[in-house]
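A look at the structure
Listed below are the residues making up each chain.
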Amino acid sequence: MNPALLGVPAPAVPSTKLGAAGDGLLSEPLGHPDFFNVKELFSMKDLFSARVHLGHKKGCRHRFMEPYIFGCRLDQDIIDLDQTMDHLQLALNFTAHIAYRKGIILFVSRNRQFCHLVESTARECGEYAHTRYWQGGLLTNAHIQFGAGVRLPDLIIFLSSLNNVFEPHVAIRDAAKMNIPTVGVVDTNCNPCLITYPIPGNDDSPTAMELYCKLFKMTIIRAKDYRKQREGAVQGRPVHHGDAGPLEVEHPPQWADEKK
Amino acid sequence: MAGSRVQKVGSVFSRTRDLMRMGVLRQPLWFEVYAACPPRREPRYRPARPRYGRARDGVRDIFYPEDAVRAKFYRVYGSGPRPFDLLQPNYKSTCQRFVEKYNELKEEGKIEEEKLFEETGKALLASGIILQRRGTDKVSIKRSENELASGLKRLHF
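This is a predicted model, so every value here is computed, not measured.

Things to note about the environment of A:Lys58
Residue and element names in this part refer to chain A. Checked against the element boundaries, Lys58 lands in the loop between strand 1 (54–57) and strand 2 (69–73). Overall, the relative accessible area of 40% leaves Lys58 in the partly exposed class. In this structure, the C-alpha to C-alpha distance between Lys58 and Leu74, residues 16 residues apart in sequence, is 8.9 Å. Lys58 has contacts with Cys72, Asp75 and Asp77, leaving out every residue within four places of it along the chain.

Description of the sheet that holds strand 3 (residues 76–79) of chain A
Residues and elements named next belong to chain A. Strand order in the open sheet formed by 3 strands is 1-3-2, with antiparallel pairing between adjacent strands. Two strands in the sheet have a free side with no partner beyond their single neighbour: strand 1 and strand 2. Taken pair by pair, the neighbouring strands of this sheet meet at an average axis angle of 30 degrees, ignoring direction. Across 4 bridges, strand 2 lies against strand 3 in antiparallel orientation. Of the residues in strand 3, the one forming a bridge with Gly71 is Ile78.

Quick look at the interface of chain A and chain B
Listed as interface residues are 40 residues of chain A and, on the opposing side, 38 residues of chain B. Across the chain A/chain B interface, buried area totals approximately 3,500 Å², and carbon plus sulfur atoms make up 56% of it. Applying the counting rule to chain A against chain B returns 5 salt bridges. With its nearest N and O atoms 2.8 Å apart, the salt bridge here joins A:Arg61 to B:Asp57. Our count for the contact surface shared by chain A and chain B stands at 18 residue pairs in polar contact (both at pLDDT 80 or more). Those elements that provide at least two residues to the side of chain A that touches chain B are strand 2, helix 3 (81–100) and helix 6 (170–177) of chain A. Among the elements that make up the side of chain A that touches chain B, the one with the highest residue count is helix 3 of chain A (7 residues). Grouping the amino acids of the side of chain A that touches chain B by side-chain chemistry returns 20 nonpolar, 9 polar and 11 charged.

A few points about the state of the cysteines
One pass over the full model with this rule turns up 0 disulfides over all chains. With no disulfide of its own, A:Cys60 has A:Cys190 as its nearest cysteine by sulfur position, at a separation of 10 Å. A:Cys60 gets classed as partly exposed once you look at its relative accessible area, which sits at 40%. Left without a disulfide partner, B:Cys95 is nearest to the cysteine sulfur of A:Cys72, which lies 20 Å away. Looking at B:Cys95, the relative accessible area reads 3%, which means it is buried.

Regarding the UniProt feature "domain: Small ribosomal subunit protein mS23 conserved" (unreviewed entry) in chain B
Those places that UniProt annotates as "domain: Small ribosomal subunit protein mS23 conserved" (unreviewed entry) correspond, in this numbering, to residues 2–128 of chain B. Across residues 2–128 of chain B one finds 45% helix and 0% strand; the C-alpha atoms that close the span lie 76 Å apart.

A look at the pairing of strand 3 of chain A
Residue and element names in this part refer to chain A. Summarising the sheet, strand 1 and strand 3 pair through 2 bridges and their orientation is antiparallel. Note on strand 3: the bridge partner recorded for Lys57 is Gln76. In this antiparallel pair of consecutive strands, strand 2 and strand 3, the connection spans 2 residues, and Leu74 shows a positive phi of 50 degrees.

Overview of the pairing of strand 6 (residues 155–160) of chain A
Two faces belong to every sheet, and in a regular strand the side chains alternate between them. Residues and elements named next belong to chain A. Counted residue by residue, strand 6 has 6 buried out of 6 residues, so it is predominantly covered. Both strand 4 (residues 105–109) and strand 6 contribute to a ladder of 5 bridges, which runs parallel. Looking at the pairing, Ser109 lines up with Ser160 of strand 6. Here 3 bridges tie strand 6 to strand 7 (residues 182–186), and the two strands are oriented parallel to one another. Looking at strand 7, one finds that Ile157 is bridged to Val183. Following the backbone out of strand 6, through helix 6 and into the adjacent parallel strand 7, one traces a crossover that is right-handed.

Some details on the confidence of the model for chain B
Per-residue pLDDT for chain B averages 86, and the proportion of residues at 70 or more is 89%. Interface confidence for the predicted complex, expressed as ipTM, amounts to 0.81; the pTM equals 0.82.

A closer look at the nonpolar core
Core analysis: the largest hydrophobic core is formed by 50 residues, its most contacted members being A:Phe94, A:Phe107, A:Val183 and A:Phe216. The element best represented in this core is helix 3 of chain A, accounting for 10 residues. Those residues in contact with A:Phe94 that sit more than four places away from it in its chain are A:Leu155, A:Pro181, A:Val183, A:Tyr197, B:Trp30, B:Val33 and B:Tyr34. Of all hydrophobic cores here, the second largest spans 23 residues; its members include A:Val108, A:Leu139, A:Leu152 and A:Phe158.

Regarding the sheet that holds strand 6 of chain A
All names here are of chain A. Read from one edge to the other, the open sheet built from 5 strands follows the order 5-4-6-7-8, with strand pairing classed as parallel. The outermost strands of the open sheet, each flanked by one partner alone, are strand 5 (128–130) and strand 8 (197–200). On average, adjacent strands in this sheet sit at an angle of 20 degrees to one another, irrespective of strand direction.

Here is what the cut-offs are and how they apply
Position labels on residues start from 1 in each chain and follow its written sequence. The naming scheme follows written order: chains are lettered A onward, ligands numbered 1 onward. Residues qualify for local features only when their pLDDT is at least 70, as the model is predicted, and side-chain atom pairs are given and counted only at 80 or more; totals for whole chains, interfaces and linings, by contrast, use all residues. Note that water and hydrogens are dropped before the side-chain values are worked out from all heavy atoms of the structure. Segments assigned H or I by DSSP are reported as helices when at least four residues long, segments assigned E as strands when at least two residues long, and all are numbered from the N terminus. Whether a residue is buried, partly exposed or exposed follows from its accessible area with a 1.4 Å probe, protein chains only, as a fraction of its type maximum: under 20%, in between, or over 50%, in that order. Pairs of residues are marked as contacts when any of their non-hydrogen atoms sit within 4.5 Å. DSSP-based pairing: two strands are paired if at least 2 bridges between them are found. Between N-to-C directions, angles span 0 to 180 degrees; the directions come from axes that are lines fitted to C-alpha atoms, helices contributing only their stretch in contact. A 1.4 Å probe defines the accessible area here, and the buried area is the portion of it lost by two parts on being joined, summed over both. Throughout this description, the term salt bridge denotes a Lys or Arg side-chain nitrogen within 4 Å of a carboxyl oxygen of Asp or Glu. Any pair of N or O atoms that falls within 3.5 Å is considered a polar contact. Within protein, one atom must be able to donate a hydrogen and the other to accept it, and sequence-neighbouring residues count only if both atoms are side-chain atoms. Each residue gets one of three labels, nonpolar for Ala, Val, Leu, Ile, Met, Phe, Trp, Tyr, Cys and Pro, charged for Asp, Glu, Lys and Arg, and polar for the others, Gly among them. Put simply, a disulfide is two cysteine sulfurs that come within 2.5 Å. UniProt positions are given in the numbering used here, feature names are shortened, and annotations may be inferred rather than shown by experiment. By convention, orient the strands away from the viewer: a clockwise path from the first strand over the helix to the second makes the crossover right-handed. Scored from 0 to 100, pLDDT records how confident the predictor is in each individual residue. The definition of a nonpolar core used throughout is a set of buried Ala, Val, Leu, Ile, Met, Phe, Trp, Tyr and Cys residues joined through side-chain atoms within 4.5 Å.

Take a look at the structure:
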């Protein structure tokens, strides 16, 4: 994959704080625990029919996943969907806030079966994906590999936290080193320690992966649309509600450039 | 701008907060969001140590009362006459029908416990499902009986 993905120059002035109007812009969503209403995007039934509760066999179980496992049916671990719902809501909420604040989101998955799905999801929501071999210094040596003034991702989403040899993905450790928060789907054979917002769930079934991709895409697009609306309102332009056409904003949104 | 690459000490949040307090780091994008909606468990590094002595994991086995009937069904009849069709969402296998019939007859209460199994077989025959007993293979039955017996023992609390 093209390492020039992350070569977005850092903005000269963080465009977040804009004075009185800017403060309200950022602090408004933090007032409510589920401001973007991510809970309505999924239900327990959706998770069950997407087979999110199915884990690996007992022998593959990671010790730190035991709190998230409901039980073991004939040697196959079953993940507790009550906890999954709760963790998923937290993770989606965090993602939405990051997207609202115009953070860079990087999707990582080393599962070859879903590499295309992850890349197309990232493209559709205007964010980035890295589903190929992870070179050692992509995050830790970024200033040398990409040049000075690189802006690193503000959130890394792992749709599968293991690499091709069933070891934890190097990006988990590197993100913790670079103080980048992570969201990750952890299966029963994964280590959830270093992931900031783990989502215990199946990462091997196509239905489950499609569900996760759909949920992340919807949250990110929802958050970005809300941001566009708020910026339009702050600038005094009329906010079009219920229009089929795109919202008119003076400057093109930064994430409209699809750098893949 | 400074950073802290010690991922094994504290969490991302604690390190960032302390660096900010020292004044060497500007507040990152995600800091306020994390502070407002923290995760259920702080993402600290934990080394994975093996268990010693009699420590056991807390994962329960999932067994249902019907599993006794299912175990006996599979022991006597083998896997049912029809293969499982998992493409249908509400598929009911022969074993599942057997179990439901068994529970119905048990609730009626007219038949004794020992004869329930055979009566259910006859009832299913009457409704058109033909069950064929498995060939007597003593070695395999014995071994599977041991496994199923240990499973059944756990059910008879």
